[in-house]
Amino acid sequence: MPARGGRRRFGNVRQRSSGRWQARYVGPDGLTRTAPHTFATEKQAEKWLTLVESEIIRGEWVAPEAGEIELSAYGRRWIAERKLAPRTRQGYEFLFARQVVPYLGHLMLGGIKPATIRAWRKKLLDAGVPEPQAVKAYALLRAILNTAVREDEIIRQNPCRIKGFDQYHTPERPTATIAQVYALADAMPARFSALVVVAALSALRWGELVALRRRDLDLDSGTVRVTRKLAALRSHLEFGPPKSAAGVRVVAVPAAAVEALRAHLAEFTAADADALVFTGDKGALLRSGNFGRAVKWTRTVAALGLPGFHFHDLRHTGNTLAAASGASTRELMQRMGHASMRAALIYQHATSERDREIASAMDRRIARQARRNGGQSS
């Protein structure tokens, strides 16, 4: 803004030999910077300086050169510096290297715009990347760029702010009935029968189940203590804490699960307190892929009328049973090891829908009886 006497109190403009106007200013860091381009008129140059000054006053100014950091380097450093579980870190590294770097890695942070993100998503989907994978890549990139905005103050806005890009439709997974659970358990080799029953009735995750030790079971009180999980990394298996702080919990299990565990411990688990409850034939740690091949999972579930059924789907049976038994949202969250209500509400919604079906069936029976009684009275 010009001061008295025609001098600006912020920045200055001058006319170049070409006839165009150049704008310069001293930033909050004490360094002199020049506008990235010249202007056709003096007024345009002064207007640009006024905009820069207003950014500084509002605390929104970012050094122009800060955005000249390549996304590939920034993203890799972001992943390396985060406190992450080993498997999560491995997943982030894979996702960033496979879905982000080939398309956007060469770009400077300041040059990534919402239009860039829209074009990138389209390229992913056109290349055959499943939508859930594209959504995960988008969520990762958004988290990385959030740090660039809020903590490092490299860019002013996150270009990953496009509505709907962080969502995808998840087809409803099948839920096995109790009869199907026991049929599946009977179809397993004897040492894996209890694993299926406990998975369905406790709703524990695979990694939590295969990390259980004898000391984690209190069969007299019918409880299972979850304090760790077994994660499958690229080169090895590794014990670590559960998925989140909410994953550390004590889960009460039905008597049917206790009965299955008693029989299993007596035959397949070593006597010491640290002995793993569920292991392979030679006492080895269980890996989901090896387990699936050993029990011919795909063929077995198809033969039982459950084609495409995953081991993780057994967890749905337990959660659905708990919800149908009247568990509150908070109680479901505790059993499931979730910190948010979202998953618990899904099971409660499914239960309420079933309750509506029951009420509708009752209406039909009432109507039939009313018609029958009406016919008798006439």
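Description of the structure in this document.

What counts, and where the lines are drawn
Residues numbered from 1 in each chain as written. Predicted model: local features only at pLDDT ≥ 70, side-chain atom pairs only at ≥ 80, totals over all residues. Heavy atoms only, no water. Pairing = 2+ DSSP bridges. Helix = DSSP H or I, 4+ residues; strand = E, 2+ residues; numbered from the N terminus. Axes fitted to C-alpha atoms, helices over the stretch in contact; angles between N-to-C directions. Parallel < 35°, antiparallel > 145°, perpendicular 65-115°, else oblique. Left-handed = near helix turned anticlockwise from the far one by under 90°. Contact = heavy atoms within 4.5 Å. Nonpolar A, V, L, I, M, F, W, Y, C, P; charged D, E, K, R; others polar. Polar contact = N/O pair within 3.5 Å; in protein donor to acceptor, adjacent residues only side chain to side chain. Expected span 1.5 Å × (residues − 1). Buried < 20%, exposed > 50% of the residue type's maximum accessible area, 1.4 Å probe, protein only. Phe/Tyr/Trp six-rings, centres within 6.5 Å; stacked < 30°, edge-to-face > 60°.

## Things to note about the pairing of strand E5 (residues 223-226)
As paired elements, strand E4 (residues 217-218) and E5 share two bridges and run antiparallel to each other. Residue pairing for E5: leucine 217 is matched across the bridge by valine 224. Hairpin connection of E4 to E5: four residues between the antiparallel strands, including glycine 222 at a positive phi of 70°. Direction of pairing for E5 relative to strand E8 (residues 249-252): antiparallel, over a ladder of four bridges. By the bridge assignment, threonine 223 is partnered in E8 with alanine 252.

## Overview of the packing of helix H4 (residues 114-126) against helix H5 (residues 131-150)
Following both chains from N to C, one finds H4 and H5 inclined at 150°, their axes separated by 10 Å at the closest point. The orientation of H4 relative to H5 falls into the category roughly antiparallel. For H4 against H5, the interelement crossing comes out right-handed. Judged by residue contacts, Ile117, Trp120, Arg121, Leu124 and Leu125 of H4 engage Glu131, Ala134, Val135, Ala137, Tyr138 and Leu141 from H5. Looking at the contact of H4 with H5, its residues break down into nine nonpolar, no polar and two charged.

## Section: the side chain of arginine 191
Mapped onto the elements, arginine 191 comes out in helix H7 (residues 190-202). Polar contacts involving the side chain of arginine 191 include one to the main-chain carbonyl oxygen of threonine 279, which spans 3.1 Å. The contact partners of arginine 191, leaving out residues within four places of it in the chain, are His264, Phe268, Thr279, Gly280 and Asp281.

## Section: H7
Over its 13 residues, H7 extends 19 Å from the first C-alpha to the last, a length consistent with the 18 Å expected when each residue adds 1.5 Å. Among the 13 residues that make up H7, 11 are buried, leaving the element largely enclosed by the rest of the structure.

## As for the sheet that holds strand E1 (residues 12-15)
Spatially, E1-E2-E3 is the arrangement adopted by the three strands of the open sheet, whose pairing is antiparallel. Among the strands making up the open sheet, the edge pair consists of E1 and strand E3 (32-34). Pairwise comparison of adjacent strand axes, ignoring direction, gives a mean angle of 25° for this sheet. Relative to strand E2 (residues 21-26), E1 is paired through four bridges, and the arrangement is antiparallel. Paired with asparagine 12 across the two strands is arginine 24, which belongs to E2.

## Considering the packing of aromatic side chains
In this structure the tally under the stated criterion is 12 aromatic pairs. With centroids separated by 5.2 Å and ring planes inclined at 45°, the aromatic side chains of tryptophan 206 and phenylalanine 291 adopt a geometry described as tilted. Taken together, the positions of tryptophan 206 in helix H8 (residues 206-209) and phenylalanine 291 in helix H10 (residues 288-294) put the pair 85 residues apart, joining distant regions of the chain. There is no split in this pair, since tryptophan 206 and phenylalanine 291 are both buried. With 5.0 Å between their ring centres and 90° between their planes, tryptophan 206 and phenylalanine 311 make a pair best called edge-to-face. With tryptophan 206 in helix H8 and phenylalanine 311 in the loop between helix H11 (297-303) and helix H12 (313-324), the pair connects residues that are 105 residues apart, well separated along the chain. Residue classification places tryptophan 206 among the buried residues on the basis of a relative accessible area of 17%.

The analysis is restricted to geometry; functional conclusions fall outside its scope.
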